[in-house]
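Each chain, letter by letter, is given below.
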Amino acid sequence: EDAKYFFEEFQKSFPASQVHNNLGFVYRQLARKHMPAELRYRFWLNTVMENTPPLLVRSRGIRTKMPALAIKNLNRAIDYFSRANKASPGNISTSLNLATAYLYTGEFYKAQALIRAATKLAPNDNRIRELKALALYQQDDDIDMWPKAVEILSGIDSPSARYNLAQLYEERGRSEQA
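Positions within a chain are numbered from 1, following the residues in the order the chain's sequence is written. Thresholds applied to this predicted model are a pLDDT of at least 70 for local features of residues and 80 or more for the giving and counting of side-chain atom pairs; totals over whole chains, interfaces and linings are not thresholded and use all residues. The side-chain figures draw on all heavy atoms in the structure; neither hydrogens nor water molecules are used.

Q: So what exactly am I meant to see when it comes to the overall build of the chain here?
A: A count of helices and strands for the chain gives nine helices and zero strands. For the purposes of this entry, the term helix denotes a DSSP run of H or I that reaches at least four residues, the term strand denotes a run of E that reaches at least two, and both are numbered from the N terminus. Walking the chain from its N terminus toward its C terminus, one meets helices and strands in the order α-α-α-α-α-α-α-α-α. A 1.4 Å probe rolled over the protein chains alone gives each residue an accessible area, and that area as a share of the maximum for its type sets the label: buried under 20%, exposed over 50%, partly exposed in between. Among the 178 residues that make up the chain, the fraction classed as buried is 48%. Considering only residue pairs separated by 6 or more positions, the chain has 61% of its internal contacts joining residues 24 or more positions apart. Where accessible areas are quoted, they stem from the Shrake-Rupley method and a 1.4 Å probe; at the residue level, only the protein chains shown are allowed to cover. For the chain, the accessible area works out to roughly 9,400 Å², and carbon and sulfur atoms hold 53% of it. Note on definitions: a residue-residue contact is assigned when non-hydrogen atoms from the two residues lie within 4.5 Å.

Here is the structure:
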C-alpha cells in the first residue's frame, strides 16, 4: 500500500515507463492479495516476484470467481502496464507484465498478442515460452491446447516450468505424472 502512494506521487513529476510498470506491478500484487489461493497460485507466473514456488494447489475444476477487489486492482494494473508498454514498446518485461495481467483477467487473446510480439524480439526467452504455453492452454474450452502447452513446458528447464507442467497434469487428473 505504501509503495502505491509513493509511486503515484512520483509519477506526477516523472511519468516514465518504468514508473508506470512499477505501479502496474503494485496493483497486480494487490490484486493477487485479494485472490483465493487456487487462483493466485494456479500457475507460477515468472513475471510475478516469487522466489520460491507456491505449494501445488489442486485446481481441477476451478469454480472460484475472481473477487471484485482483485478485478479492480487488475484493471488498474492493466492500465499502468499498458502505459508502460506504449512508452517502451520494445521492453519485453513491460509486455510480459501486461500479458500476465491479461492472463489473470481471462483475456487470453490479448495476452497471446503481446507474447507473439515479445517472441519476435527474444525467440529463446523461456519466460515468454512459459507464458505462451499457459495462454494457449487457457484460451478456449472448445480448443484443446493442453498437448501443445505440455510440449512447450516440457522443453523448458526451470522450476516454474516444472511447477506449471505439474499443474497441467494435475488439472487433467494425471496426478501420477505431476
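Structure shown, so let's carry the discussion forward.
Q: Could you clarify how one ought to interpret the nonpolar core in this entry?
A: One recurring pattern in soluble globular proteins is that nonpolar side chains are buried together. As used here, the term nonpolar core means buried Ala, Val, Leu, Ile, Met, Phe, Trp, Tyr and Cys residues forming a set that is joined through side-chain atoms within 4.5 Å. The biggest cluster of nonpolar side chains holds 48 residues, and the ones touching the most others in it are Met35, Leu45, Leu103, Ile115, Ile128, Leu153 and Leu168. Those elements that provide at least two residues to this core are helix 2 (17–33), helix 4 (68–87), helix 5 (92–105), helix 6 (108–121), helix 7 (126–138), helix 8 (146–154) and helix 9 (159–171). With eight residues, the top contributor of residues to this core is helix 5. With near-sequence residues (within four places) excluded, Leu168 lies in contact with Phe43, Tyr137, Trp146, Ala149, Val150 and Leu153.

Q: Looking at this model, I keep getting lost on the pattern of salt bridges. Mind explaining?
A: If charged atoms from side chains of opposite charge come close, those side chains can pair. By convention in these notes, a salt bridge is any Lys or Arg side-chain nitrogen within 4 Å of a carboxyl oxygen on Asp or Glu. A complete count under the given rule lists seven salt bridges for this structure. Its salt-bridge partner being Arg162, residue Asp157 comes within 2.6 Å of it at the nearest N-O pair.

Q: I tried to follow helix 8 on my own but got confused; where do I start?
A: Residues that lie three or four places apart on an α-helix share one face, since the helix turns once every 3.6 residues. Along helix 8, the residues that are buried comprise Trp146, Ala149, Val150, Ile152 and Leu153. An end-on view of helix 8 places all buried positions within 165° of arc, on one side of the element. The secondary structure elements touched by the buried residues of helix 8 are helix 7 and helix 9. Here the arc refers to the set of directions running from the helix axis out to each C-beta atom.

Q: Is there a simple way to think about the packing of aromatic side chains in this case?
A: For any pair of aromatic rings, the description rests on two quantities: the centre-to-centre distance and the angle between the ring planes. Each pair of aromatic rings taken from Phe, Tyr and Trp, with Trp reduced to its six-membered ring, is defined by centres within 6.5 Å and is described as stacked if the planes are under 30 degrees apart, edge-to-face if over 60, and tilted in the remaining cases. As enumerated under the stated definition, the model contains three aromatic pairs in all. Judged by centre distance (5.8 Å) and plane angle (10°), the rings of Tyr27 and Tyr80 are stacked. Of the two residues, Tyr27 sits in helix 2 while Tyr80 sits in helix 4, which places them 53 residues apart along the sequence. The two residues Tyr27 and Tyr80 agree in class, both being buried.

Q: Quick question: what am I supposed to make of the packing of helix 2 against helix 4 here?
A: To describe two helices that pack against each other, one gives the angle between their axes and the distance between the axes. What counts as an axis is a line fitted to C-alpha atoms, over the stretch in contact for a helix, and the angles between N-to-C directions run from 0 to 180 degrees. Viewed as axis vectors pointing N to C, helix 2 and helix 4 meet at an angle of 160°, and their least axial separation amounts to 7 Å. In terms of their interaxial angle, helix 2 and helix 4 are classed as roughly antiparallel. Judged by the sense of rotation from one axis to the other, the crossing of helix 2 with helix 4 is left-handed. Touching Ser17, His20, Asn21, Leu23, Gly24, Phe25, Tyr27, Arg28, Leu30 and Ala31 of helix 2 are Ala70, Asn73, Leu74, Arg76, Ala77, Tyr80, Phe81, Arg83, Ala84 and Ala87, all from helix 4. Here the residues of the contact of helix 2 with helix 4 are counted per class, giving 12 nonpolar, five polar and three charged. In what follows, roughly perpendicular refers to angles from 65 to 115 degrees, roughly parallel to angles under 35, roughly antiparallel to angles over 145, and oblique to any angle outside these ranges. The sense of a crossing depends on the near helix, which, turned anticlockwise from the far helix by less than a right angle, makes the crossing left-handed and, turned clockwise, makes it right-handed. Three residue categories are used. Nonpolar comprises Ala, Val, Leu, Ile, Met, Phe, Trp, Tyr, Cys and Pro, charged comprises Asp, Glu, Lys and Arg, and polar comprises the others, including Gly.

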